[in-house]
Amino acid sequence: MPNGVRNTVGQLTDQVRGLHIDMSLKMWTAATTGTPEALDSAAKSRAAWMRYWADPEQYRQVKAWDEDGEAGDDAQLRRIVHLLHLFFAENQRDPATIDEMTELQKVLDSAYTNFRAEVDGRRLTANDVDEILRHENDSAKRRAAWEAGKEIGPRVADQIRRLAELRNDGARRMGYDNFHRMSLILNEIDPDWLFTLLDDLAAKTEEPFRRMKAEMDSELSQRFGVPVEDLMPWHYADPFFQRAPMLGDYDFDALFQQRDLVALATATYDGLGMDVRDILGRSDLYEREGKDQHAFCTTIDREGDVRTLCNLKPSLRWMETLLHELGHGVYDKYIPTELPWLLRSPAHTLSTEALAMLMGANVLDPEWHARILGSSSAEAEKAGTLGQARFRLEEVIFARWVMVMVHFERLMYEDPSRDLNALWWDLVQKYQLLLKPEGRERKPDWATKYHIALAPAYYQNYLLGRMMSLQWDGWLRRHVGGIVGRAAAGEFFRERVFALGATLPWNEGLEFATGEKLNPYHFARQFAD
Ligand SMILES: [Zn+2]
């Protein structure tokens with residue numbers, strides 16, 4: 001029987017590869033142009049992808065093979081059959097539902113890609129809003145930019161709610177309580193394990209977060225001339241308080257003013273023995289009207305065509321983002337092409353996020369400042385000391401923000417018809433300790449976050465990924481002395497991480513690489529003492 005299975009898997013692979021390449025190319029064109037034709041064409045291709053995985057016959061067949069062990073003792077074939085089973089299961093839907101979902105996703109895609117906040121008749125990019133929240137000291141102007149950025153919410157909220165219901169319909173037909181639980185389980189994350197872990201981390205970070213936020217608030221209060229108890233969400237550094245505000249007088253952005261971010265990123269990866277020039281050559285790096293405001297990395301064919309989209313500015317944040325996206329890029333690039341095509345992907349989304357975040361964090365590492373940025377040793381030490389404090393603050397702030405996102409999604413999918421506006425602000429108050437501005441209970445602020453609409457059940461990957469990256473980082477410090485400029489660190493990733501592709505479940509892959517499974521100990525020790 002394995003031969004029959006092998007032949008069918010071969011045919012499936014050809015079909016999936018064709019659909020994947022078509023969809024990736026069309027989504028790339030849509031993201032880089034934002035035209036109605038491109039968005040329409042990407043939507044059609046995504047619909048074809050969804051219809052393919054919705055095939056009930058195919059699903060029944062791979063499910064039976066998986067459950068009856070029909071793949072024999074070929075470990076790779078067994079893994080492929082299991083992954084096919086999970087993916088078909090996640091996508092079982094009737095054609096009418098697929099059509100409706102496609103239409104909704106297209107409308108949302110276009111809304112997020114083309115939305116620009118308007119203040120006094122000026123159209124602001126997401127970068128412009130970030131710029132105001134970073135540098136403006138006038139509270140009224142900050143508030144105007146923050147509120148303008150939230151105007152996307154009312155335009156998309158109803159569609160997101162409908163999409164959540166459709167996602168739930170599919171999940172319930174498959175016997176799951178709701179889409180969120182199904183998506184976690186079929187992506188090899190046990191929801192109950194996840195929520196226990198989040199509660200544990202919430203408890204461990206509560207005190208440190210209160211302490212850090214109190215210090216931060218007293219500085220922000222001075223800066224804006226506003227009493228601490230009157231600090232509002234627009235007094236923080238970004239629309240969601242997911243990053244740390246710039247504190248102290250040290251100007252990290254100034255370090256990048258006259259620098260070539262692309263050259264710095266290339267040198268960073270050269271230091272690991274990884275070449276990113278081909279990736280950068282295919283990428284779209286600078287902002288433009290009509291272009292997606294976010295950043296991402298994509299592998300078009302799993303055969304070397306890896307690209308990233310950024311909106312680079314000479315700032316700490318974009319330096320970090322470029323290193324982050326290229327982290328996804330090298331993971332994709334260096335998965336051996338000898339692996340079967342269906343296993344030629346990262347072990348899990350959280351694994352590729354782990355590498356991306358680890359590489360992004362270089363910008364706060366004293367060694368990176370000395371070796372890559374070429375700072376004097378005194379300068380590198382100063383940036384490094386402040387950088388490490390900032391890293392800690394960022395991680396705790398980000399962990400609390402992930403808790404808002406994951407719990408919001410959990411509760412939204414439990415009942416999409418509930419009062420989501422109130423739920424959002426309850427969670428923001430609970431985990432981020434922010435004040436709710438007056439009148440926001442009438443605004444769907446939850447809908448302003450792209451991931452809620454179009455990257456559902458995804459956000460936990462960032463926190464789990466950070467935890468994984470700390471475990472790699474600890475291993476590398478013990479065995480090869482660190483990461484920056486060390487070819488041996490590059491070898492670790494190529495031989496113990498990338499080489500596996502998706503042949504092992506992510507947690508077994510982590511154990512293979514470092515000798516232990518994912519645990520909150522490393523995170524708690526580094527950030528929550
Ligand atoms: Zn990422």
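Scroll up for the structure.
The written sequence of each chain sets the order in which its residues are numbered from 1. Selection of residues for local features in this predicted model requires a pLDDT of at least 70, selection of side-chain atom pairs for listing and counting requires 80 or more, and totals for whole chains, interfaces and linings are taken over all residues. Side-chain numbers come from the whole structure's heavy atoms, not from hydrogens or water.

**Quick word on the overall build of the protein chain**
Now for step 1: Think of it this way: any DSSP run of H or I at least four residues long counts as a helix, any run of E at least two long counts as a strand, and we number them from the N terminus. Looking only at helices and strands, the protein chain has 22 helices and 4 strands in total.
Now for step 2: The size measure is the radius of gyration over C-alpha atoms, and the globule rule it meets is 2.2 Å times the number of residues to the 0.38 power. Relative to the globule expectation of 24 Å for 529 residues, the C-alpha radius of gyration of the protein chain, 23 Å, shows essentially globular dimensions.
Now for step 3: The buried share of the protein chain, reckoned over its 529 residues, is 58%.
Now for step 4: Excluding contacts between residues fewer than 6 apart, the proportion of contacts in the protein chain whose partners are at least 24 apart in sequence is 76%.
Now for step 5: Per element, the accessible surface of the protein chain, about 21,200 Å² overall, is 49% carbon and sulfur.
Now for step 6: Counting 65 positive and 84 negative side-chain charges, the protein chain places the centres of these two groups 1 Å from one another. We call a residue buried when its accessible area falls under 20% of the maximum for its residue type, exposed when it is over 50%, and partly exposed in between, using a 1.4 Å probe and counting protein chains only. For this analysis, residues touch if any pair of their heavy atoms sits within 4.5 Å. Methods summary: accessible areas were calculated by the Shrake-Rupley approach with a probe of 1.4 Å, and residue burial reflects only the protein chains presented. Here Asp and Glu are counted as negative and Lys and Arg as positive; His is not counted, and neither are the chain ends. Charge coordinates come from a single atom per side chain, which is NZ of Lys, CZ of Arg, CG of Asp or CD of Glu.

**Some points on the coordination of the zinc ion**
Now for step 1: Distances decide who is a donor: an N, O or S atom must be within 2.8 Å of the metal, or within 3.2 Å for Na, K and Ca. Water is not included, so sites may look incomplete. Within the first shell, the zinc ion binds the protein through His324 (NE2), His328 (NE2), Glu353 (OE) and Glu353 (OE), at distances of 2.1 to 2.7 Å.
Now for step 2: Spacing between the donor residues of the zinc ion along their common chain follows H-x3-H-x24-E. Linking His324 with His328, this pair stays in helix H13 (residues 316–334), spanning 4 residues, or about one helical turn.
Now for step 3: Judged by relative accessible area, which is 9%, His328 ranks as buried.

**Quick notes on the pattern of salt bridges**
A pair can form between side chains of opposite charge whenever their charged atoms are brought close.
Now for step 1: One speaks of a salt bridge when a side-chain nitrogen belonging to Lys or Arg is within 4 Å of a carboxyl oxygen belonging to Asp or Glu. Summed over all chains, the structure comprises 47 salt bridges.
Now for step 2: Salt-bridge contacts for Asp40 lead to Lys44; the nearest nitrogen and oxygen are separated by 2.9 Å. In this pair, Asp40 and Lys44 are both assigned in helix H2 (residues 36–54), 4 residues apart and thus about one turn of the helix distant.
Now for step 3: Between Glu67 and Lys63 there is a salt bridge, with the nearest N and O atoms lying 3.5 Å from each other. Within this pair, Glu67 and its partner Lys63 are both found in helix H3 (residues 56–68), separated by 4 residues, close to a single helical turn.
Now for step 4: In this structure Lys63 comes out as partly exposed when scored by relative accessible area, which is 27%.

**Quick look at the pairing of strand E4 (residues 306–309)**
Now for step 1: The alternating pattern of E4 places Val306 and Thr308 on one face and Arg307 and Leu309 on the opposite face, and all of these are buried.
Now for step 2: One ladder, built from 4 bridges, connects strand E3 (residues 296–299) with E4; its direction is antiparallel. By the bridge assignment for E4, Phe296 is matched with Leu309. Any two strands between which DSSP finds at least two bridges are classified as paired.

**Some points on the environment of Leu83**
Now for step 1: Locating Leu83 in the fold gives a position in helix H4 (residues 75–90).
Now for step 2: Using a relative accessible area of 24% as the deciding quantity, one classes Leu83 as partly exposed.
Now for step 3: Distance from Leu83 to Thr503, taken between C-alpha atoms, is 9.7 Å for residues 420 residues apart in sequence.
Now for step 4: The contacts of Leu83, once residues within four sequence positions are left out, are Glu188, Leu343 and Ala502.

**Some details on the side chain of Asn362**
Now for step 1: Note on placement: Asn362 falls in the loop between helix H14 (349–360) and helix H15 (366–371).
Now for step 2: Sequence-distant contacts of Asn362, defined by excluding residues within four places in its chain, comprise Thr268, Leu323, Trp368 and Val484.

**Examining the packing of aromatic side chains**
Now for step 1: Aromatic pairing here means that ring centres of Phe, Tyr or Trp (its six-membered ring) are within 6.5 Å. Orientation follows from the plane angle: under 30 degrees is stacked, over 60 is edge-to-face, and everything else is tilted. A full pass over the atoms with the stated rule returns 32 aromatic pairs.
Now for step 2: Pairing Tyr236 with Phe241 gives two aromatic rings, centres 4.5 Å apart and planes at 40°, and the pair type is tilted.
Now for step 3: You can call Tyr236 buried: its relative accessible area is 1%.
Now for step 4: Given a relative accessible area of 1%, Phe241 falls into the buried group.
Now for step 5: Taking the centre distance of 4.9 Å and the plane angle of 75° together, the rings of Tyr250 and Phe252 count as edge-to-face.

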